[in-house]
Structure formats: structure tokens, C-alpha cells
Protein chains: 2
Amino acid sequence: MDGAGRRVTAVDVARLAQVSTATVSLVVNGKARGRVSPATRERVLAAVDELGYRVDPVARELATGRRHSVALVVPDIANPYFSQLTKGVADRLGCGYRLCLIIADPSRAGLDRIVTERVDGMLAEAPAVDVIRELDGRTPLVVLDRPAPGTDHPYVGFALADGATELADHLLDLGHTRIGYLDADIGTPTFEFRRARMDERLHAAVGHGFTGPLVRSRTDIDAAAEAFTAAWDDWRAAGVTAVVCAADVHAYGVLRAAARLGVHVPGDLSVASFDDLPFSALTDPPLTTVRLSAGDLGFHAAELLLTLMQGTPAGPPPLLPATLQIRSTTTPPKTT
Amino acid sequence: MDGAGRRVTAVDVARLAQVSTATVSLVVNGKARGRVSPATRERVLAAVDELGYRVDPVARELATGRRHSVALVVPDIANPYFSQLTKGVADRLGCGYRLCLIIADPSRAGLDRIVTERVDGMLAEAPAVDVIRELDGRTPLVVLDRPAPGTDHPYVGFALADGATELADHLLDLGHTRIGYLDADIGTPTFEFRRARMDERLHAAVGHGFTGPLVRSRTDIDAAAEAFTAAWDDWRAAGVTAVVCAADVHAYGVLRAAARLGVHVPGDLSVASFDDLPFSALTDPPLTTVRLSAGDLGFHAAELLLTLMQGTPAGPPPLLPATLQIRSTTTPPKTT
DNA sequence: TTGAAAGCGCTAACAG
DNA sequence: CTGTTAGCGCTTTCAA
């Protein structure tokens with residue numbers, strides 16, 4: 001009604017209701033039970049209503065020291081993996097907390113932004129050690145996906161070893177021995193682990209790891225397609241019959257590039273990856289991939305963070321399953 | 001170092017540097033130019049460094065009245081459309097603002113949460129009129145995608161009419177006359193418009209609108225697949241040769257369900273939709289869809305919000321293109 | 001060039 | 001049951 005009028009404060013309400021601001025505070029915070037008479041309570045409520053008063057969250061935060069907000073640090077919200085993760089977090093957090101999205105690579109710069117942001121809790125994948133140290137003892141932090149190297153910081157992750165092993169064995173069982181790898185260009189622990197674990201398994205089975213150039217690209221369909229296109233000649237020359245991608249998004253790029261190059265999947269080349277995004281069952285052909293439920297990860301991480309914020313120490317880190325979904329991008333290599 | 005020690009405040013810095021907190025404030029805010037002697041400035045900086053002082057954002061916000069934060073209200077962050085949108089917003093906002101994600105249907109409840117959240121600016125698709133009214137004159141708001149009905153509130157949208165018309169004409173040109181529609185279950189203006197506009201065009205061309213039951217489902221692959229499966233018998237009975245979906249995500253579900261039902265796309269049925277998410281070029285077969293760049297929408301909306309927050313009145317609303325991408329899910333109907 | 005002091009709006013002891 | 005008072009930590013006139 002009053003348009004851009006001055007903000008209504010507790011003082012205004014107190015004046016109108018003929019009480020003190022303390023009473024207003026008690027009433028609006030639902031702490032009136034047995035501390036404020038029903039009659040005064042009604043008066044206050046009426047005044048609140050009439051004036052359209054809402055408590056100022058900033059002032060409340062300063063006074064109480066609790067911000068009711070959680071920061072989620074993700075490198076790329078456009079990647080469905082992280083948007084699923086975000087959804088999981090939001091679902092668990094509900095309305096009780098504000099969710100601040102910080103889009104930054106927590107392993108590099110921009111740390112400042114993260115550390116300055118005074119939130120009640122934080123969720124981050126692969127935070128730099130500085131960040132962990134700086135936050136430690138002040139702001140509860142839950143690390144996502146892989147434990148922070150060199151620390152025993154609370155985290156929630158996947159049974160990645162299982163998934164990687166399963167995928168390696170699947171390819172091996174099909175008869176592939178020369179396998180290429182398309183890695184993500186950000187060397188976060190989860191990506192390091194995916195590659196290293198599979199490499200290890202290949203060594204154990206056939207005496208050597210991945211074949212041909214180790215390619216890296218941004219986690220982005222176009223970038224991955226380009227990377228594949230550039231690498232394909234070398235891979236083919238090296239006798240590669242399958243390529244594993246660090247993430248589904250990379251695999252999408254590979255699928256597209258392969259189609260354009262006339263490389264038939266899975267006839268000429270098997271393709272597999274990690275994540276199992278909802279679209280991976282719909283690609284042409286449907287993608288074989290290790291299922292990593294980002295939504296569950298977010299949900300459980302938020303859960304753990306909530307307990308941490310209550311002061312409860314972290315129990316054993318929940319390990320979420322990572323199981324192979326075999327679809328149609330993997331078949332035995334052509335027996336030329 | 002000190003673990004959970006007390007927070008370092010400006011008072012601590014002031015004491016160590018032998019100055020007043022006012023001076024500390026000037027220095028840390030870069031307002032020292034000509035108001036603080038270089039020598040004192042150095043002392044303060046040294047003290048800040050030694051103590052590891054960082055200004056408390058909450059206190060600063062309360063004192064200045066500016067929160068440096070923007071809220072983005074989205075109904076479902078797991079939908080790639082909204083994650084692209086979010087990315088666009090984040091890209092434009094940069095580091096200067098905190099991005100608070102509010103996951104809620106702004107047309108229904110949860111409004112309270114939105115209104116209470118005292119941010120500097122807000123972005124929302126299809127906000128309820130109450131929200132607009134309550135925010136008006138206090139918090140700048142940019143409406144996304146479609147103008148808020150019955151108001152002239154600033155917004156950023158697409159040339160949806162063009163896209164819908166183009167799609168209708170494309171189907172008509174191919175020879176389809178009996179076309180089914182799978183709508184989103186949230187009746188936001190953008191979805192209403194997509195359907196209504198196409199319906200109108202069909203009427204003009206063939207004397208009737210969509211054929212068969214009007215189906216609605218959540219914007220979710222599984223839900224859409226179920227909805228299609230349930231509707232298919234009726235649609236087929238009605239002679240439907242093409243179905244248009246309100247969003248790509250619905251189309252993904254239709255594609256999957258059609259495959260399972262043995263309905264060949266596009267042989268038996270043409271499919272098309274709106275959005276053109278990055279995955280839509282990779283589905284089997286690649287999807288014909290009206291391209292709506294959510295990322296651009298977010299970017300431009302954030303841009304407009306920024307100018308609004310500076311007090312500049314909104315100029316004419318930017319209209320982003322909506323052009324049809326013809327791929328492989330649409331062909332002429334079988335001439336049985 | 002610097003400091004004192006008055007808020008910003010709310011909460012939480014502590015009296016009464 | 002209710003009011004007084006003292007902060008929360010910072011910014012910002014206004015004097016000195």
C-alpha cells in the first residue's frame with residue numbers, strides 16, 4: 001500500500017501494540033508460551049498484521065549468530081550431475097536453510113569468496129586444503145564424492161572402487177584389451193580415482209593400462225566431441241576398441257563425434273562412462289555407465305552436514321553404491 | 001591455528017593497530033584514499049593480516065542495508081532447463097552477489113519464504129500476484145520467460161509466438177492434421193502460451209485444435225513416459241500421427257515409452273517439443289524442438305535485474321529468439 | 001587524518 | 001507476565 005515506505009520494524013509494532021520490542025520478539029518467534037499473556041499476544045499479532053511486519057533476517061542473524069544458510073560449492077551447475085546433486089541437497093535441507101550456490105572450482109582461487117561467506121555449513125567437492133584448514137573449527141564442512149586427500153575430514157562418497165572394477169571387468173570380459181580413456185580436465189580426486197582404479201585393474205589383467213593418448217577435456221558435450229575427434233586417429237592407430245569416459249557428459253560428446261566421423265558404436269568402438277544421468281538411457285545407442293546417484297549424494301551429504309551443524313560428531317562416512325548399468329554401447333570388439 | 005577461537009572482530013584489529021574501528025573500516029573497505037595516512041594504513045593492514053581478520057558480512061549487511069544477494073526462484077533445479085538458466089544467472093552476476101536458490105513453485109505457497117528473504121533482487125518465473133505486489137517497491141523483481149499476467153512488471157522472455165507458430169507450420173507442412181499434446185502439469189504462463197498458440201494455429205489451418213485427450217504430466221522423464229503410455233491407445237484411436245510436448249524432458253519420456261511400446265518414431269509417430277536442451281541432439285532419434293536458450297534467458301534477466309537494482313528503470317523487455325530446430329523425430333505421417 | 005558515538009533491527013539476560 | 005538493557009559487528013556522520 002505505502003509503496004516504498006520505510007521498513008516496518010519491531011519498534012513500530014511495539015508502539016502500536018503498546019508493548020516492548022522484547023515482547024514482540026517473543027511473540028513473532030513463537031516463544032510466547034507461558035511468557036506472554038494471550039491477550040497481549042493477540043494485540044501484538046494484530047499489530048503485526050496491520051503493519052505487515054516481518055522480522056528482518058539480517059538483524060536476526062546478527063543478533064543470534066546463526067545464519068540459517070548453507071553454501072554449496074559446485075564447479076558447474078549446468079552439468080546435470082551437479083544439478084541433481086543440488087536437488088538432493090535442497091530436498092534434505094527443506095525450508096529451514098537458505099541455499100547459497102557458489103559456482104567455483106573449490107580447488108583453486110575464489111577460495112576467498114568461500115571463506116568469507118559466513119554460512120552455518122558448507123558442502124564442497126574437492127576443496128583445497130587451505131579452505132578446509134581455514135574453515136575448520138568454525139564452519140562445518142562436508143566434502144563430497146571423495147575424501148579430501150591427507151585429511152580425515154567428514155565426507156560422503158560412492159563405492160567408486162566397485163564401480164570402476166566392475167566396468168573394467170565388463171570390458172575385459174567382452175574381450176577388449178586396448179582401451180582408451182577420455183578424462184575430465186579438472187583433476188579432482190574423483191576423476192583421478194576413476195582413472196587410476198581402472199588402470200590398475202587393466203594392468204592386473206592384461207599387463208598394461210590404457211592404450212593410446214590420454215585425452216582430457218572440459219565436462220561439456222562440445223568439448224568432449226572435439227577432444228574425441230582430435231584423438232581418434234591416434235586411438236585407432238593404437239588399436240583401441242573401447243573408450244571409457246570420466247563422465248557421461250563426455251560420453252555424449254564421444255557419441256556425437258563418433259557418429260559424425262562414421263565410427264559405429266558399438267560395432268567399431270565400445271563406449272562407457274561414469275554417472276548414469278537420466279538421459280543416458282536415451283542416447284543412441286543407450287549408454288553403458290557406472291551409476292552414481294548425485295541426488296542421493298547431495299541428500300546424504302546435507303543430512304550429515306545437518307548433524308554436524310548440531311554439534312554431533314560425524315559417524316562413519318556413508319558410502320553410496322556405484323554399480324554398472326550395462327546398456328548398448330558396449331559389445332565385444334570386432335574380430336578383424 | 002587457534003581452532004575454535006573467538007571470531008576476530010574489527011575491535012581486535014583496531015586495538016592491535018592502535019587505531020579506531022572507524023579507521024579499520026575505512027582501510028578494509030578500500031576507502032582509505034586521502035582519509036587515512038599511508039603509515040596507519042600499513043599498520044592496519046599488518047594487523048588484519050596477523051589476526052586473519054575478515055569483515056563479518058552479516059554485520060556489514062545490517063549496517064549498510066545492502067545484502068549483496070539475489071534470489072533465484074526455480075520450481076525444479078534437476079530439470080536441465082533450470083540448471084542452464086541458473087548458470088546464465090550466475091555467469092552474469094559474477095562474484096559481486098550471493099546467489100540464493102529458492103526451490104519452490106512461486107505461484108503457490110512458499111511465498112512466505114520468498115517474501116521474507118530480504119535480498120537485493122529477485123528472479124522468478126510465474127510468481128503469484130501476491131508476491132509481485134508484496135515485493136513491489138521494495139525488492140526489484142525480474143519475471144522470467146513470460147510477462148506476469150495482468151501487470152506490466154519487467155520481464156525477459158522468448159519470442160514464443162514465433163517458435164510455436166513455426167512448429168505448428170512444420171507439422172502442418174509435413175501433412176499432420178491430428179496432433180496430440182502432452183502438457184506440463186504446472187500451468188505456468190509459458191506452458192499455457194505454448195499450447196494455446198499452437199492450438200490457435202491449428203484451428204486456423206485445419207479447423208480444429210489438438211486431437212485426442214489433452215495429457216499433462218510432471219516435467220520428468222518417467223512421469224512423461226507413463227503419461228504417454230496411458231494415453232497412447234486413445235491417441236492412436238483418434239488417429240493422432242504426431243505429438244507435441246511442452247518441454248524436451250517430456251519428449252524424452254515419450255521417446256522412451258514409444259520405443260517400449262513398439263511405436264516407431266518418426267515412422268509411426270512424429271514427436272516434437274520446446275527447449276532444445278543440449279541432449280536433444282543426441283536422443284534416438286534426434287529431437288525436433290523449438291530452441292529456447294535458458295542460459296541466455298538467465299543471463300539477460302540477471303543483467304536487467306542488475307540495472308533495476310541500481311535504480312535505473314527497465315527499458316523495453318528483451319525478447320530472445322525461439323527458433324525451430326528440425327531434426328529426425330518429425331516426418332510426414334504414414335499414408336495408410 | 002583520526003576518533004567518538006550513534007545507529008542498523010533484533011534477541012536474550014535479567015529485573016521487576 | 002512484561003520491560004529494560006546490553007549487545008551482535010560494522011559503517012558513517014560529525015567533531016576534533
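Residues numbered from 1 in each chain as written. Chains lettered and ligands numbered in written order. Predicted model: local features only at pLDDT ≥ 70, side-chain atom pairs only at ≥ 80, totals over all residues. Heavy atoms only, no water.

**Student:** Which parts of the structure should I look at to understand the interface of chain A and chain B?
**Tutor:** Taken together, the contact pairs 47 residues of chain A with 47 residues of chain B. Its largest share of buried area at the contact with chain B, chain A owes to A:Arg54, A:Arg118 and A:Leu282, together 15% of the area lost on that side. Applying the counting rule to chain A against chain B returns four salt bridges. For B:Glu61, the salt bridge identified is with A:Arg67, shortest N-O distance 3.4 Å. (Contact = heavy atoms within 4.5 Å. Buried area = accessible area lost by both parts, 1.4 Å probe. Salt bridge = Lys/Arg side-chain N within 4 Å of Asp/Glu carboxyl O.)

**Student:** It is not clear to me how the pattern of salt bridges should be interpreted in this structure. Could you clarify?
**Tutor:** Side chains that differ in sign of charge can pair as their charged atoms come close. All names here are of chain A. Taken as a whole and judged by the stated rule, the model has 41 salt bridges over all chains. A salt bridge links Arg201 to Asp169, with the shortest nitrogen-to-oxygen separation between them at 2.9 Å. Taken together, the positions of Arg201 in helix H9 (residues 189-206) and Asp169 in helix H8 (residues 160-174) put the pair 32 residues apart, joining distant regions of the chain. By relative accessible area, which is 34% here, Arg201 ends up partly exposed. (Helix = DSSP H or I, 4+ residues; strand = E, 2+ residues; numbered from the N terminus. Buried < 20%, exposed > 50% of the residue type's maximum accessible area, 1.4 Å probe, protein only.)

**Student:** Looking at this structure, how should I read the UniProt feature "domain: HTH lacI-type" (unreviewed entry) in chain A?
**Tutor:** Per the UniProt annotation, the sites labelled "domain: HTH lacI-type" (unreviewed entry) are residues 8-64 of chain A. Here residues 8-64 of chain A runs as 67% helix and 0% strand, with 20 Å between its end C-alpha atoms. (UniProt positions renumbered as here; feature names shortened; annotations may be inferred.)

**Student:** What is the right way to look at the protein's contact with DNA strand D in this model?
**Tutor:** Around DNA strand D sit 25 residues in total, of which A:Arg35, A:Ser37, A:Thr40, B:Ala10 and B:Tyr53 are the nearest. Restricting the count to atoms of DNA strand D within 4 Å of the protein gives a sugar and phosphate share of 73%. Within the backbone of B:Asp56, one N or O atom sits 3.4 Å away from a phosphate oxygen of DNA strand D. Contact distances for DNA strand D include 3.0 Å between a phosphate oxygen and a side-chain N or O atom of B:Arg60. Put simply, the parts of the chain that give the surface near DNA strand D at least two residues each are helix H2 (21-28) and helix H4 (57-64) of chain A together with helix H2 (21-28) and helix H4 (57-64) of chain B. With four residues, the top contributor of residues to the surface near DNA strand D is H4(B). (Near = heavy atom within 4 Å. Polar contact = N/O pair within 3.5 Å; in protein donor to acceptor, adjacent residues only side chain to side chain.)

**Student:** Would you explain unusual backbone geometry in this entry?
**Tutor:** Glycine aside, negative phi is the norm for most residues, and most peptide bonds take the trans geometry. Cis peptide bonds are those with omega within 30 degrees of zero, and the linkage from A:Val265 to A:Pro266 qualifies with 5°. Turning to its location among the elements, A:Pro266 is positioned in the loop between helix H11 (248-261) and strand S9 (270-275). At the junction of B:Asp284 and B:Pro285, the peptide bond is cis and its omega measures out at -5° in the coordinates. Inspection of the secondary structure puts B:Pro285 in the loop between strand S9 (270-275) and strand S10 (288-291). With a phi close to 50°, A:Ala126 is a non-glycine residue in the positive phi region. Residue placement: A:Ala126 occurs in the loop between strand S3 (121-125) and helix H7 (129-135). Classification of A:Ala126 as buried rests on a relative accessible area of 13%. The backbone phi angle of A:Asp275 is positive, close to 135°, even though this residue is not glycine. In this structure, A:Asp275 sits in strand S9. What makes A:Asp275 buried here is its relative accessible area of 3%.

**Student:** Even after reading the chapter, I still don't get the packing of H4(A) against H4(B), so can you show me in this structure?
**Tutor:** Packed helices, taken two at a time, are described by their axes: the angle between them and the distance between them. Closest axis-to-axis distance for the H4(A)/H4(B) pair is 9 Å, and the angle between their directions is 135°. Classified by the angle their axes make, H4(A) and H4(B) are oblique. When you trace H4(A) past H4(B), the crossing you get is left-handed. Mapping the contact onto sequence places A:Val58, A:Ala59, A:Glu61 and A:Leu62 in H4(A) and B:Val58, B:Ala59, B:Glu61 and B:Leu62 in H4(B). The class makeup of the residues in the contact of H4(A) with H4(B) is six nonpolar, no polar and two charged. (Axes fitted to C-alpha atoms, helices over the stretch in contact; angles between N-to-C directions. Parallel < 35°, antiparallel > 145°, perpendicular 65-115°, else oblique. Left-handed = near helix turned anticlockwise from the far one by under 90°. Nonpolar A, V, L, I, M, F, W, Y, C, P; charged D, E, K, R; others polar.)

**Student:** Help me understand the domain arrangement of chain A, please; the structure alone is not making it clear to me.
**Tutor:** Residues and elements named next belong to chain A. Once the domains are mapped, chain A shows domain 1 (10-55), domain 2 (66-156) and domain 3 (160-294). The straight-line distance from the C-alpha centre of domain 2 to that of domain 3 is 28 Å. Taken together, the contact pairs 12 residues of domain 2 with 15 residues of domain 3. With both sides pooled, the region where domain 2 packs onto domain 3 buries about 1200 Å², and carbon together with sulfur makes up 68% of that total. Across the contact surface, domain 2 and domain 3 share one salt bridge. Close ionic contact of Asp145 with Arg194 constitutes a salt bridge, the shortest N to O distance being 3.8 Å. The interface formed by domain 2 and domain 3 contains one residue pair in polar contact (both at pLDDT 80 or more). Here the side of domain 2 that touches domain 3 gets four residues from one element, more than from any other, and that element is helix H5 (residues 80-93). In terms of residue class, the side of domain 2 that touches domain 3 is built from five nonpolar, two polar and five charged. (Domains from an automatic or database assignment.)

**Student:** How should the protein's contact with DNA strand C be read in this particular structure?
**Tutor:** Surveying the vicinity of DNA strand C reveals 25 residues, the closest of which are A:Ala10, A:Tyr53, B:Gly34, B:Ser37 and B:Thr40. Within 4 Å of the protein, the contacting atoms of DNA strand C are 78% sugar and phosphate, with bases supplying the remainder. A distance of 2.5 Å is found between a phosphate oxygen of DNA strand C and a backbone nitrogen or oxygen belonging to A:Ala10. A:Ser25 is positioned with one of its side-chain polar atoms (N or O) 2.8 Å from a phosphate oxygen of DNA strand C. Of all elements in the fold, only H2 and H4 of chain A together with H2 and H4 of chain B reach the threshold of two or more residues within the surface near DNA strand C. Counting residues per element, the surface near DNA strand C draws most heavily on H4(A), at four residues. Its residues assigned to classes, the surface near DNA strand C shows 11 nonpolar, 10 polar and four charged.

**Student:** Hey, could you run me through the packing of aromatic side chains in this one?
**Tutor:** Per the stated rule, a full pass over the model turns up 11 aromatic pairs over all chains. Aromatic pair A:Phe279 and B:Tyr252: ring centres 5.6 Å apart, planes at 80°, arrangement edge-to-face. On the criterion of chain membership, the pair formed by A:Phe279 in the loop between S9 and strand S10 (288-291) and B:Tyr252 in helix H11 (residues 248-261) is interchain, its members lying in two chains. The class of B:Tyr252 is buried, set by a relative accessible area of 1%. (Phe/Tyr/Trp six-rings, centres within 6.5 Å; stacked < 30°, edge-to-face > 60°.)

**Student:** Explain the relation of the copies chain A and chain B here, please?
**Tutor:** Superposition of the two copies of the chain requires a rotation about an axis and a shift along the axis. The operation relating chain A to chain B is a screw motion whose rotation component is 180°, with 0.0 Å of axial translation and a residual RMSD of 0.1 Å. Considering both components of the superposition, the chain copies are consistent with a two-fold axis. Here 100% of the contact residues of chain A are again contact residues in chain B; the copies associate through an equivalent surface. (Least-squares fit on C-alpha atoms with pLDDT ≥ 70 in both.)

**Student:** Could you clarify how one ought to interpret the pairing of strand S2 (residues 98-103) of chain A in this entry?
**Tutor:** On any regular strand, side chains alternate: one points to one face of the sheet, the next to the other face. Burial runs high along S2(A): five of the six residues are buried. Taking the sense of rotation as the criterion, the β-α-β connection linking strand S1 (residues 69-74) of chain A, H5(A) and S2(A) turns out right-handed. (Right-handed = clockwise from strand over helix to strand, strands pointing away.)

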